[in-house]
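Residue-level listing of the chains:
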Amino acid sequence: MDLFRDLNPSQREAVTYLGGPLLVLAGAGSGKTRVLAHRIAFLVAGASVAPYEILAVTFTNKAAGEMADRVRGLVGDVASGIWMGTFHSICARILRIEAKKYGLMPNFTIYDEHDQHLLMKQVLKDLGISDGCITPASALSRISGLKSNLVTPDELEEYASSPYDLRFVEIYRAYEKALHNNNALDFDDLIVIPVRLMKRLPEVLQRYATRFKQILIDEYQDTNKAQYELVRLLSGYHRNVCAVGDDDQSIYRWRGADITNILNFENDFPDAKVIRLERSYRSTKTILAASQAVIKNNRKRKPKELWTENEVGNKLLVAMVGDEQAEGIFISDKIEELRESQGHAYADFVVLYRTNAQSRSIEDSLRRRAIPYVIVGGVKFYERKEIKDIIAYLKVIANPRDSVSLLRIINVPNRGIGDVTIRRIKEFASSRGLSISDVLNSLTDIETLTTGQRQSLMKFADMLAELRQKAKASSVPELIAFVAERSGYLAHLKKQGTVEAISRLENIEELVAGAYEFEERSQEPSLAKFLEEVSLIMDIDLWDDRRDAVSLMTLHNAKGLEFPIVFIAGAEEGLLPHHTSLEDEDELEEERRLFYVGLTRAKKMVFITMAVGRRTFQGWMPQTGSRFVAEIPVEFIEFEDLTQPAGGMSDDTWGSDMVITKGARVKHPDWGVGRVIACDGYGKHLRLLVRFEGGITKRLLAHYANLEILDDADGFY
DNA sequence: TACATTGCGATCCGT
DNA sequence: TCGCAATGTA
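Residues numbered from 1 in each chain as written. Chains lettered and ligands numbered in written order. Predicted model: local features only at pLDDT ≥ 70, side-chain atom pairs only at ≥ 80, totals over all residues. Heavy atoms only, no water.

Some words on the overall build of chain A
- Along chain A, the regular secondary structure elements total 27 helices and 22 strands.
- For chain A, the C-alpha radius of gyration of 29 Å lies close to 27 Å, the compact-globule estimate for 717 residues.
- Viewed in the frame of its principal axes, chain A has a C-alpha envelope of about 90 × 65 × 55 Å.
- Burial analysis of chain A (717 residues in total) assigns 55% to the buried set.
- Of all intrachain contacts in chain A linking residues separated by at least 6 positions in sequence, the fraction that spans at least 24 positions is 74%.
- If you sum the accessible surface of chain A, you get close to 31,400 Å²; carbon and sulfur atoms cover 50% of it.
- When the 92 positive and 103 negative side-chain charges of chain A are each reduced to one mean point, those points stand 3 Å apart. (Helix = DSSP H or I, 4+ residues; strand = E, 2+ residues; numbered from the N terminus. Rg over C-alpha atoms; globule rule 2.2 N^0.38 Å. Buried < 20%, exposed > 50% of the residue type's maximum accessible area, 1.4 Å probe, protein only. Contact = heavy atoms within 4.5 Å. Areas by Shrake-Rupley, 256 points an atom, 1.4 Å probe, with all protein chains shown as cover. Lys, Arg positive; Asp, Glu negative; His and termini not counted. Charge placed at Lys NZ, Arg CZ, Asp CG, Glu CD.)

Okay, here's the thing in structure tokens:
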């Protein structure tokens with residue numbers, strides 16, 4: 001078997017070790033994905049482990065798909081039997097099987113953040129809390145923190161030390177009860193409930209713990225307490241757990257990830273074997289050295305020495321720019337320049353940033369240059385109003401007790417069921433301890449309703465019954481199309497006829513198309529499974545990496561990826577590190593890890609931009625360079641100050657209304673004759689990208705560079 | 001009860 | 001800048 005040919009000795013050891021708990025400390029670019037894929041292949045083909053006895057946890061759904069492909073490539077089609085996916089998708093799978101033991105129907109709904117918010121608002125309202133001290137968001141954030149640490153309301157009550165805490169216990173309890181009444185779960189529950197079930201019911205624990213002879217977990221540094229506990233429980237019987245991770249790349253502390261899970265692995269599993277992968281195959285020597293110099297400033301880390309046999313490569317270019325627009329222009333210039341001079345494809349580039357809001361100015365300049373790009377995150381498909389509406393119909397069809405979704409669509413499109421009507425049925429339902437759905441089936445009992453209100457509700461209830469009937473006999477895509485039609489949603493949009501409405505119609509069509517694709521791909525194309533997939537989908541899962549386009553994403557989304565050329569935008573104090581992290585040493589270290597993750601995505605080149613100021617929603621903010629950039633030794637950096645004019649001529653030599661267009665031929669005293677590849681800005685800010693005949697490409701501020709225009713059909717000045 | 005308007009508040013990262 | 005919540009109007 002050729003399984004080991006391409007592996008170095010440490011990798012090979014990690015792939016073949018069968019002596020119990022194994023921790024693989026895998027530095028950036030050290031080939032951990034390959035190790036995981038080969039290990040799975042080895043277990044199946046070389047260690048007689050059946051595919052269904054393997055559990056492989058990946059960080060994204062996309063990574064699970066790619067892992068399956070790689071395994072398939074190594075040992076053929078056995079991957080489909082392996083339980084492979086994110087913690088959330090694997091737990092959802094377990095819960096579908098075990099839901100009843102927890103008092104849940106298997107058709108439970110998964111509430112996303114928005115649904116949670118609506119539910120919590122109702123909870124706070126019911127408890128009579130409206131003082132503004134506790135907002136739905138703050139309550140949910142605290143509850144999420146508690147859940148990821150497996151703290152129940154009862155446990156919290158034991159330790160509650162203030163009246164405030166006690167009141168919070170009530171909120172937590174009421175929220176849990178509300179979820180239960182809706183036969184719904186939040187994201188944290190997906191992990192927490194299986195853990196509780198396994199702790200409470202030995203037969204459940206035994207079923208899974210004996211089944212999974214081999215457990216593999218990727219990105220172990222970003223597991224939280226609940227996930228850790230799940231791993232501990234599941235691996236308790238066979239004790240074969242292989243955790244792969246890098247403490248330097250732990251970037252989800254804010255979401256409850258506990259870096260001590262990896263730092264203490266050897267305490268938790270005293271007989272654990274530890275293998276270090278310290279040879280990097282990804283980055284140049286320069287990039288690797290620069291990133292190591294930065295991360296060494298973190299105190300809470302396992303010491304490690306990464307090395308590489310790769311070439312030395314270019315220095316990192318740090319560019320100081322005037323503002324976010326100049327930053328975008330610099331990035332687009334560089335991309336065109338490198339494409340032109342080195343034949344790079346668009347797909348070789350990624351632009352990374354700390355916050356999604358930063359993408360706008362970069363997108364603007366890419367669009368102006370007609371540079372193709374794909375953006376990860378931002379306005380999400382499944383969060384668009386029309387998609388959420390249709391999905392809400394589906395959720396109500398699948399789970400009648402889901403009142404959050406039901407209330408979302410009860411009057412969308414308008415069908416004469418207004419606030420007053422809704423309030424009356426809510427009151428009736430809560431006074432009798434019924435769900436809204438129950439009440440819809442006994443409308444004649446509600447005496448407070450007017451005849452008109454009752455009629456509207458009856459029509460709605462009839463429609464729901466019809467949709468449920470249809471659901472029994474149709475595939476998911478057929479059902480979606482039927483829902484959109486029968487609910488009046490399509491007619492409602494068509495009537496509007498606006499550009500926006502048309503785009504919404506197109507999105508609904510795309511949803512149907514997506515459902516057809518789901519149907520072909522899925523082994524179990526049920527409505528419940530579809531809703532589960534839609535609920536657990538991640539931005540990065542939707543990333544289309546086959547298009548020749550520049551990628552734009554947050555540093556968080558870049559985890560696990562690599563690109564020949566990486567831009568890190570907005571390397572400024574307050575942005576990276578983010579201002580919310582400046583007070584706390586641990587959070588600052590996490591920001592440093594984030595910067596480290598950004599640097600180590602690069603194979604060939606890194607460009608870092610810092611703006612001297614930015615326009616935010618508050619107005620103009622002067623910015624200073626990131627401390628993390630200052631931590632890179634100067635010998636690895638080339639610095640370029642683009643806030644200063646290129647020098648040459650005084651203001652009045654050239655008019656400020658000069659225009660030069662793409663394709664123009666120009667002459668420069670130093671570099672000779674060249675052609676304009678791209679231009680941006682206007683007047684004094686007109687910037688040119690000029691490729692000179694000597695092969696040099698330069699970025700110039702046209703107004704200041706001593707240029708002579710030789711030939712420009714459209715240009716004038 | 002439905003729809004338009006205004007105004008405000010929030011914004012880090014995301015299952 | 002945007003989305004949502006409260007307010008106003010038909």
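Moving on, there is more to tell.
So, empty space enclosed by the protein
- Evaluated as defined, the whole model comprises 3 cavities of 30 Å³ or more.
- As a volume, the largest cavity reaches approximately 80 Å³.
- Together, R96, N107, F108, T109, I110, K395, A398, N399, A528, L531, E532 and S535 line the largest cavity.
- Looking at the lining of the largest cavity element by element, the count peaks at 4 residues for helix α25 (residues 527-536).
- Tallied by class, residues from the lining of the largest cavity come to 5 nonpolar, 4 polar and 3 charged.
- Here the second largest cavity is characterised by a volume of approximately 60 Å³.
- Taken together, L55, V57, F87, I90, C91, I215, I217, L230, V231 and L234 make up the full set of residues lining the second largest cavity.
- Elements with a minimum of two residues in the lining of the second largest cavity: β2 (54-57), α4 (87-98), β6 (214-217) and α11 (225-234).
- Class assignment for the residues of the lining of the second largest cavity results in 10 nonpolar, no polar and no charged. (1 Å grid on protein atoms, 1.4 Å probe; cavity = no way out; pocket = protein on both sides within 12 Å on 5 of 7 lines; lining within 4 Å. Points joined across faces, edges and corners; volume = space filled by probe spheres on them. Nonpolar A, V, L, I, M, F, W, Y, C, P; charged D, E, K, R; others polar.)

Description of the protein's contact with DNA strand B
- R354, N356, N414, V420 and F617 are the nearest of the 25 residues found near DNA strand B.
- Looking at DNA strand B alone, sugar and phosphate atoms form 51% of those within 4 Å of the protein.
- G416 places a polar main-chain atom, nitrogen or oxygen, 3.0 Å from a phosphate oxygen of DNA strand B.
- Taking Q453, its side chain carries an N or O atom lying 2.7 Å from a phosphate oxygen of DNA strand B.
- Of the residues in the surface near DNA strand B, the class split is 7 nonpolar, 14 polar and 4 charged. (Near = heavy atom within 4 Å. Polar contact = N/O pair within 3.5 Å; in protein donor to acceptor, adjacent residues only side chain to side chain.)

Examining the sheet that holds strand β17 (residues 637-641)
- Strand order in the open sheet made by the 7 strands is β11-β12-β10-β13-β14-β9-β17, with parallel pairing throughout. Among the strands making up the open sheet, the edge pair consists of β11 (373-375) and β17. Pairwise comparison of adjacent strand axes, ignoring direction, gives a mean angle of 20° for this sheet.
- In terms of strand pairing, strand β9 (residues 316-321) meets strand β14 (residues 602-611) through 5 bridges, oriented parallel. Paired with M320 across the two strands is M610, which belongs to β14.
- Where helix α14 (residues 285-295) meets the sheet, it contacts β9 and β14, and its direction lies at approximately 50° from that of β14.
- Each of β9, β10 (349-353), β12 (550-554), β13 (563-568) and β14 is contacted by helix α15 (residues 324-342), which is oriented at about 155° to β14, the strand it contacts most. (Pairing = 2+ DSSP bridges. Axes fitted to C-alpha atoms, helices over the stretch in contact; angles between N-to-C directions.)

Description of the layout of surface pockets
- When its volume is computed, the second largest pocket comes out at roughly 1,300 Å³.
- As for the second largest pocket, its lining consists of 34 residues, of which Q122, D126, S403, L407 and K426 are closest to the centre.
- Elements with a minimum of two residues in the lining of the second largest pocket: α5 (113-126), α8 (163-181), α17 (385-398), α18 (403-409) and α19 (419-432).
- Grouping the amino acids of the lining of the second largest pocket by side-chain chemistry returns 14 nonpolar, 8 polar and 12 charged.

Some thoughts on the packing of aromatic side chains
- In the structure shown here, the tally under the stated rule is 11 aromatic pairs.
- Between the aromatic rings of F567 and F607, the centroid separation amounts to 5.0 Å while the plane-to-plane angle is 20°, which identifies the pairing as stacked. Remark: F607 occurs in strand β14 and F567 occurs in strand β13; sequence separation between them is 40 residues. Across the pair, F607 and F567 agree in class, each one buried.
- Here the aromatic cluster, defined as three or more aromatic residues joined through ring pairs, consists of F59, Y252 and W254.
- A cation over a ring is seen here: R339 above Y346, with NZ or CZ 3.9 Å from the ring centre.
- Looking at K559, its charged tip hangs above the ring of F59, at a distance of 3.8 Å from the centre. (Phe/Tyr/Trp six-rings, centres within 6.5 Å; stacked < 30°, edge-to-face > 60°. Lys NZ or Arg CZ within 6 Å of the ring centre and 35° of its normal.)

Observations regarding the side chain of N183
- Among the secondary structure elements, N183 is positioned in the loop between α8 and β5 (184-185).
- Among the polar contacts made by the side chain of N183, one reaches the side chain of N107 at a distance of 2.9 Å.

Considering unusual backbone geometry
- For the bond from V412 to P413, the omega torsion is 0°, close enough to zero to count as cis.
- Within the secondary structure layout, P413 lies in the loop between α18 and α19.
- A cis geometry characterises the amide bond from L576 onward to P577, with omega recorded as 5°.
- Secondary-structure assignment places P577 in the loop between β13 and α26 (585-599).
- Positive phi values are uncommon outside glycine, yet S48 reaches one of about 55°.
- With respect to the helices and strands, S48 occurs in the loop between α2 (32-46) and β2.
- With a phi angle near 60°, A370 is a residue other than glycine that sits in the positive phi range.
- Residue position: A370 is located in the loop between α16 (359-368) and β11.
- Taking the relative accessible area as the measure of exposure, A370 reaches 60% and is therefore exposed.

Brief notes about the pattern of salt bridges
- According to the stated counting rule, one finds 59 salt bridges in the structure shown.
- With its nearest N and O atoms 2.7 Å apart, the salt bridge here joins R282 to E562. In this pair, R282 is assigned in the loop between β8 (273-277) and α14 and E562 in the loop between β12 and β13, connecting sequence segments 280 residues apart.
- Since its relative accessible area comes to 14%, R282 is described here as buried.
- A network of salt bridges, in which partner residues are shared, links K32, D218, E219, D222 and K559. (Salt bridge = Lys/Arg side-chain N within 4 Å of Asp/Glu carboxyl O.)

Read these as spatial facts, not as claims about activity.
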